[in-house]
Amino acid sequence: MSDHCHGSTDNWPELERGYRAMLPEDVLAFIDASRGREHSESMLIATLHMVQGHFGHLGPGHLEAIAQLMQIPLAKVTGVATFYHYFRLQPRGKYLINVCLGTACYVKGAEKIAQKLRDELGIHFGETSKDGIFSLESTRCVGTCGLAPVVMIGDEVHGPLTPSQIPTLLEGYLARAAEDLAPAAASDSR
Amino acid sequence: MSQMINLKIDGESILVPEGTTVMDAAEQIGIHIPRLCYHPDLSLEGNCRVCVVAVEGFDHGLASCATKAWEGMEVQTNSPMIRQARRDIVELLLDNHPKDCQTCDRDGNCELQNLSYRMGVRERLFEGKRKQFPIDDAGASVVRNAEKCILCGRCIRVCGEIQGVFNLSQHGRGFTTVVGPANLTPMDESACIQCGQCVNVCPTAAFLEQDHTERVWKALSHRRKDKHVVVTTAPAIRAALGEAFGLPMGTPVTGKMVTALRRMGFDAIFDVNFSADLTIMEEAHELLKRLAGEGPLPLLTSCSPGWVSFLEKFYPELIPHMSSCKSPMQMQSTLIKTYYAQQKGIDPKDIYVVSVMPCVAKKFEAARPEHVLDGMPTTDAVITTRELAVMIKSYGIDFQRLPDGEFDHPLGTSSGAGDIFGATGGVMEAALRTAAFKLTGQNLGNLDLTMVRSDHGAIREASINLAGQTINVAVADGLQNAKILLEAVKRGEKKYHLIEIMACPGGCICGGGQPYPPIGTYTLNPELAKARAKALYSIDAAKTIRCSHDNPDIQKLYADFLGEPLSAKAHELLHTHYTARTPRGIR
Ligand code: SF4
Ligand code: SF4
Ligand code: SF4
Ligand code: FES
């Protein structure tokens, strides 16, 4: 093409710099090494794994950077990321709540516990509450069937539980989270 | 020669070439197997299972659209088991679908509605949980209503395969699967270039254009008091509007269209074809300047707003190549609010401009901040051909019986060159007619430059010798084709002087706002494009004035108002500029 066509109207160099700044070195090296090759879905999935491994989740910015640097349409990238359960699209909350849906807990009413948690937190499995305190996940048997139905919060096991106990249980953790934040806030206002 | 295969469909023996699908084979003996996700001009998806047939030796049905016939195959298209299975599939789709056909935009032209009727579904047996999603109606051009989506994937395919935009995909899984742009962002914040081809291929009302009919009714309701309501029609409308009233594909209906608009109460009825001629005057002179060394070559045409958005999102480095000409619609609206307002002695603030367009992206174009005059939008409303048809019907006008009417002056006359803008290659042909005159001092002996018309392939190239200078040109319709062409140019394999690009396959005649063809005909059908193009070429052929520079009203406009092509005034009123936009498209 003629000499006039590069330069000022092209936003790619600037965009590329921004996208590269969003991803860690090893991911960039992986993407660079694969440039020019046919992008299989498995390559995209591998990249998503690396980025989630690094950040703990896949944010909108990460997905956009992956799409642009790999030159895969963003809709395809977010389509894949939302299809597989193991990709987290929000950062993990301070406390990870794992509801056991193993056979023993299930028989003892784990689904009701799960529903109560979803209602109280206003989120689904795989999501993080708005205040960033809780993430909700499900799991299969934590090996304490005697306590069924069981919920793990962080590394603490709670059971047997009834749905009506859930609000108090959550409040306890909220109070702890507030205490943890208080000294930080105090030192901030120094 | 491919091998022939024997099979039996519903007991009837038939011979087909190897590779024929069961669906196509059945068609040959007059059996139309019901279908939904299938689209003859897109890749096979085979996900709806509506087209199931029973095949000897299989205890489950096979999807006939995706199954190739084999030697000795025995197919039943209507066994009791198959009829039941098909009905169940459709009933399950309906179970997860709103019950509001009566108030739906696709009522009467919905493939799902039609299919349910044909399957004999007369009641809803399954009543379960229904998916719920917010409607994205914030976009200037395209509205997405995922509750009406049946996940056939046609929009995903047209956006990727035909338009090269790849803006859509399925998100999530299972019951909550939803089709939309990345992260389900609003359409206008996505990579979408607003072409509306997803609207055209969607079997239901899950994609629609942003409705402007209400604002037009409102403007018409207070006309002659405080508003002078002007309507102006794009070249492609007359080639397709008749279809919405049962006329055969490609029936030109210019005169009836004008009469219908007159009856609806517009104060003046103008023709965008006039400004198509004007675009040619400006663009041809731009080309001459660039041939003389001022500015980069190739020059790219700028009439198609879907293509303009595509350039800004996908190829911003080529912006200097783009013609600075506004689209004919914007030139026309600008002239209505300046030249015409002056002549009539009307304050432009009291003029309301309604543009009838075959295009969904024109709504976005009208909303662009560049297109304002004294702080007012240049174009106040853009209705698609489909919306105009709905308005005419709701008025109660019996379109087929209308007498022919005439456009008003001074913005209603066009040459044949302006008339063919609606077909891919039309802008090129019109531009070459005028460039030839400017370079040689006389009109071409043969004005039919058929080598740039669409019968010569999806990407056309031609060379024409004008006053000792060879002008190389290329034309592409559909943005995936545009990509192929631009990449070849970027690699330096091709050297052109002028390139015409239209976002929609076939050009504006098959734009995202054209009438839905009757069920059974698909919008990407090449026959449809051919018939509509023929309508425009027949209008051109019947004119005595076939070159933009010979249009007397154009000559008068320059003499009385603009001066000459590319004058300071022309620049101020008729030209625009472009900017790189994000999200950046993936090429
Ligand atoms: S999309 Fe079709 S089936 Fe659905 S409500 Fe509209 S007309 Fe009825
Ligand atoms: S309007 Fe065109 S670009 Fe936008 S999503 Fe639909 S097909 Fe894709
Ligand atoms: S939006 Fe329309 S075309 Fe796209 S998947 Fe849904 S029903 Fe099919
Ligand atoms: S039409 Fe064959 S599977 Fe949808």
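(A) Layout of the overall build of chain A. Counting its regular elements, chain A contains eight helices and four strands. Helices (α) and strands (β) of chain A occur, in sequence order from the N terminus, as α-α-α-α-α-β-α-α-β-β-β-α. A buried classification covers 39% of the 190 residues belonging to chain A. Sequence-distant contacts, at least 24 apart, represent 63% of the contacts inside chain A between residues at least 6 apart. When the accessible surface of chain A is summed, it comes to about 10,200 Å², and 56% of that surface belongs to carbon and sulfur atoms. Mean positive and mean negative side-chain charge positions of chain A (16 and 22 charges, respectively) differ by 7 Å.

(B) Quick look at the sheet that holds strand β19 (residues 498–502) of chain B. Residues and elements named next belong to chain B. Ordered by their spatial adjacency, four strands build an open sheet running β12-β19-β18-β17, and the pairing between neighbours is mixed. Each edge of the open sheet carries a strand with a single partner, namely β12 (299–300) and β17 (459–466). Two strands pair when backbone bridges link them, and strand β18 (residues 469–477) and β19 are joined in this way by five bridges, in the parallel orientation. Residue pairing in the sheet places V473 in a bridge with L498 of β19.

(C) Looking closely at the site of ligand 1. Residues and elements named next belong to chain B. Taken together, H97, D100, C101, C104, R106, D107, C110, L112, Q113, K148, T204 and A205 make up the full set of residues near ligand 1. Grouping the amino acids of the shell around ligand 1 by side-chain chemistry returns five nonpolar, three polar and four charged. The residue makeup of the shell around ligand 1 includes at least three contributed by each of domain 1 (1–124) and domain 2 (142–209).

(D) Inspection of the domain arrangement of chain B at higher detail. Residue and element names in this part refer to chain B. For chain B, the assigned domains are domain 1 (1–124), domain 2 (142–209) and domain 3 (213–574). Between the C-alpha centres of domain 2 and domain 3 the distance comes to 27 Å. Of the residues lining the interface, 24 residues belong to domain 2; the matching set on domain 3 comes to 28 residues. Carbon and sulfur atoms make up 55% of the surface buried where domain 2 meets domain 3, a total of about 1,900 Å² over both sides. The largest per-residue losses of area from domain 2 upon contact with domain 3 belong to I193, N200 and E209, which jointly make up 33% of the total buried on that side. The tally of links between domain 2 and domain 3 comes to one salt bridge. Among the salt bridges present, the one from E209 reaches R386, with a minimum N-O distance of 3.2 Å. For the side of domain 2 that touches domain 3, the secondary-structure elements that each account for two or more residues are α4 (154–162), α5 (197–201) and β9 (207–209). When residues in the side of domain 2 that touches domain 3 are grouped by element, the largest group, five residues, is from α4.

(E) Region of the structure containing empty space enclosed by the protein. Residue and element names in this part refer to chain B. Scanning the entire structure with this criterion turns up five cavities of 30 Å³ or more. Space inside the largest cavity adds up to approximately 260 Å³. Lining the largest cavity are 24 residues, and of these C303, S304, P358, K362 and C508 lie nearest its centre. For the lining of the largest cavity, the class distribution of residues is 18 nonpolar, five polar and one charged.

Cut-offs used in this document
- Residues numbered from 1 in each chain as written.
- Chains lettered and ligands numbered in written order.
- Predicted model: local features only at pLDDT ≥ 70, side-chain atom pairs only at ≥ 80, totals over all residues.
- Heavy atoms only, no water.
- Helix = DSSP H or I, 4+ residues; strand = E, 2+ residues; numbered from the N terminus.
- Buried < 20%, exposed > 50% of the residue type's maximum accessible area, 1.4 Å probe, protein only.
- Contact = heavy atoms within 4.5 Å.
- Areas by Shrake-Rupley, 256 points an atom, 1.4 Å probe, with all protein chains shown as cover.
- Lys, Arg positive; Asp, Glu negative; His and termini not counted.
- Charge placed at Lys NZ, Arg CZ, Asp CG, Glu CD.
- Pairing = 2+ DSSP bridges.
- Near = heavy atom within 4 Å.
- Nonpolar A, V, L, I, M, F, W, Y, C, P; charged D, E, K, R; others polar.
- Domains from an automatic or database assignment.
- Buried area = accessible area lost by both parts, 1.4 Å probe.
- Salt bridge = Lys/Arg side-chain N within 4 Å of Asp/Glu carboxyl O.
- 1 Å grid on protein atoms, 1.4 Å probe; cavity = no way out; pocket = protein on both sides within 12 Å on 5 of 7 lines; lining within 4 Å.
- Points joined across faces, edges and corners; volume = space filled by probe spheres on them.

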